[in-house]
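Overview (structure and organization)
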Amino acid sequence: MSTLYELVGVSQVADQKQIKKAFRKKAMEHHPDRGGNANSFAMVRQAYDVLSDPAKREYYDANGSAPPISNIEREAYTMLGEGFAQVAAQCKWKPRRYAEIIRVNLQNAIRENEAKIAELRAQLESLNFALPEPLDNTVENLFASAIEWQRNNIRTQIEKIDRAMGVQNEALRILAKFRDTYVEPAFSPPPFFITVTR
């Protein structure tokens, strides 16, 4: 079985610049749109992901295997995959800077989420007031219970949005590692209209 260094085509002492250059060459060689194998391309991409990150590379050198992927990182890759599929479907065969479109969409989503969190925190702050004590200790204070339920609901919403922003920021970090290029397919796309001549 090949090591990650062999998959990318560098020695174990290669620096980041050499790894990036070798990865680009291997990626072009194995890219499915250039007649390469999709599985080989995915393996080279995963090898580069580990070797281009100093912490992951250190873990790999020490243990001989890639570090386990976190849930946030897994969700970020899923988000990027879905984003690329959506952009590619909208742009059809036109060469576009897909990564830049996705980067802008992620940055806009993060800004929107930051605004939502600020609004929710303002709502939470407005609910921070002294609640009246119940007249009878044996009777639950319905008003206090409703306010506490609302506070917990807002805190839960903030946690969900904050987690989504963590995934979006991780997707931006991953996206920043790769060059934004369009690979011209080795074949021509099918025409949209077929003209029949007699």
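Going by the structure above, here's the rest.
What counts and how
Residues numbered from 1 in each chain as written. Predicted model: local features only at pLDDT ≥ 70, side-chain atom pairs only at ≥ 80, totals over all residues. Heavy atoms only, no water. Core = buried A, V, L, I, M, F, W, Y, C linked by side-chain atoms within 4.5 Å. Buried < 20%, exposed > 50% of the residue type's maximum accessible area, 1.4 Å probe, protein only. Helix = DSSP H or I, 4+ residues; strand = E, 2+ residues; numbered from the N terminus. Contact = heavy atoms within 4.5 Å. Arc of directions from axis to C-beta. Polar contact = N/O pair within 3.5 Å; in protein donor to acceptor, adjacent residues only side chain to side chain. Expected span 1.5 Å × (residues − 1). Phe/Tyr/Trp six-rings, centres within 6.5 Å; stacked < 30°, edge-to-face > 60°.

**Concerning the nonpolar core**
For soluble globular proteins, nonpolar side chains are generally found buried alongside one another. Counting residues in each nonpolar core, the largest one holds 23 residues, and the members touching the most others are Leu80, Ile102, Leu106, Ile154 and Leu175. The set of elements that each furnish at least two residues to this core consists of helix H5 (71-91), helix H6 (98-126) and helix H7 (142-176). Element by element, the count of residues in this core is highest for H7, at ten residues. Discounting chain neighbours no more than four positions away, the residues touching Leu175 are Leu80, Phe84, Ala99, Ile102, Arg103 and Leu106. If you look at the next biggest cluster of nonpolar residues, it comprises 17 residues, including Ala27, Val44, Tyr48 and Tyr60.

**Structural notes on the environment of Ala76**
Considering the arrangement of structural elements, one finds Ala76 in helix H5. For the pair Ala76 and Ala164, spaced 88 residues apart in sequence, the C-alpha to C-alpha distance is 9.5 Å. Those residues in contact with Ala76 that lie beyond four places of it in its chain are Val167, Glu170, Ala171 and Ile174.

**Description of helix H4 (residues 54-63)**
Every α-helix carries 3.6 residues per turn, so stepping three or four residues along brings you back to the same face. What H4 keeps buried is the set Lys56, Arg57 and Tyr60. Take H4 and look down its axis: the buried residues cluster within an arc of 100°, on one side only. Seen from the buried face of H4, the exposed residues on the opposite side, beyond 90 degrees, are Pro54, Ala55, Glu58 and Ala62. Where H4 is buried, its residues touch helix H1 (4-8), helix H2 (16-30), helix H3 (38-51), H5 and H7. With a side-chain oxygen positioned 3.0 Å from the backbone nitrogen of Ala55, the residue opening H4 is Asp53.

**A few points about H3**
Relative to the 20 Å expected for 14 residues at 1.5 Å per residue, H3 spans 20 Å between its end C-alpha atoms, a close match to the ideal helical length. For H3, the set of buried residues is Phe41, Val44, Ala47, Tyr48, Asp49, Val50 and Leu51. Those residues of H3 hidden inside the fold are in contact with H1, H2, H4 and H5.

**A look at the side chain of Lys56**
Locating Lys56 in the fold gives a position in helix H4. Under the relative-accessibility criterion, Lys56 is labelled buried at 12%. Excluding anything up to four places from it in sequence, Lys56 contacts Asp49, Val50, Pro67, Glu73 and Arg173.

**Points about the packing of aromatic side chains**
How two aromatic rings sit relative to each other is given by the distance of their centres and the angle of their planes. Within this structure, the stated rule accounts for two aromatic pairs. When the ring of Tyr5 is compared with that of Tyr60, the centres are 6.0 Å apart and the planes differ by 55°; the resulting orientation is tilted. Remark: Tyr60 occurs in helix H4 and Tyr5 occurs in helix H1; sequence separation between them is 55 residues. Classification of Tyr60 by relative accessible area gives buried; the value is 10%. Each ring, one from Phe23 and one from Tyr48, has its centre 4.1 Å from the other, and the planes form 15°; the classification is stacked. Taken together, the residues Phe23 in helix H2 and Tyr48 in helix H3 connect sequence positions 25 residues apart.

So, to be careful, I would describe these as geometric facts and stop short of saying anything about function.
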